[in-house]
Amino acid sequence: MEISEFQQKMRDLYIHNDKKRGIHRTSLWLGEEMGELMSELKYSIDKIDKQAVAAEMADIYAWVASLANLLEIDLQSIILNKYDKCPKCNSDPCICEKNLP
Ligand SMILES: [Zn+2]
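Calculation notes
Residues numbered from 1 in each chain as written. Predicted model: local features only at pLDDT ≥ 70, side-chain atom pairs only at ≥ 80, totals over all residues. Heavy atoms only, no water. Salt bridge = Lys/Arg side-chain N within 4 Å of Asp/Glu carboxyl O. Helix = DSSP H or I, 4+ residues; strand = E, 2+ residues; numbered from the N terminus. Buried < 20%, exposed > 50% of the residue type's maximum accessible area, 1.4 Å probe, protein only. Donors = N, O, S within 2.8 Å, 3.2 Å for Na, K, Ca; no water.

**Description of the pattern of salt bridges**
Side-chain pairs of opposite charge can arise whenever the charged atoms involved come near each other.
Stage number 1. Under the counting rule described, the total for this entry stands at one salt bridge.
Stage number 2. Measuring nitrogen to oxygen at the nearest pair gives 2.7 Å for the salt bridge that ties Arg-21 to Asp-18. Taken together, the positions of Arg-21 and Asp-18, both in helix α1 (residues 3-40) and three residues apart, correspond to about one turn of that helix. With respect to class, Arg-21 is no different from Asp-18; both count as buried.

Below, the structure is given as structure tokens:
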């Protein structure tokens, strides 16, 4: 499935509710899902529940798609253009290692 197909699927499933909720409240849901993902990742690597992490990642993608639909942003176009190469060093692969925090 292409990114654009996923975004269309989310539009078909949820645009009626996304429009009622609006951009601000939809962004709060995305933030909540980010918190849930971070909560799942607070454990050591051997105790992380990968299925739970994967489910939170799916939720995050869905909420990003909802926001993109509300804002009429073409996710596939922007993602593929921005990340064709590293947007910081403009290299593929990235050579930013010395800037890691
Ligand atoms: Zn880089």
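**Let's talk about the coordination of the zinc ion**
Stage number 1. The zinc ion binds to the protein through Cys-86 (SG), Cys-89 (SG), Cys-94 (SG) and Cys-96 (SG); the donor distances cover 2.1 to 2.4 Å.
Stage number 2. When the donor residues of the zinc ion are listed from N- to C-terminus, their spacing reads C-x2-C-x4-C-x1-C.
Stage number 3. Under the relative-accessibility criterion, Cys-94 is labelled partly exposed at 36%.

Purely geometric stuff here, so don't read any function into it on its own.
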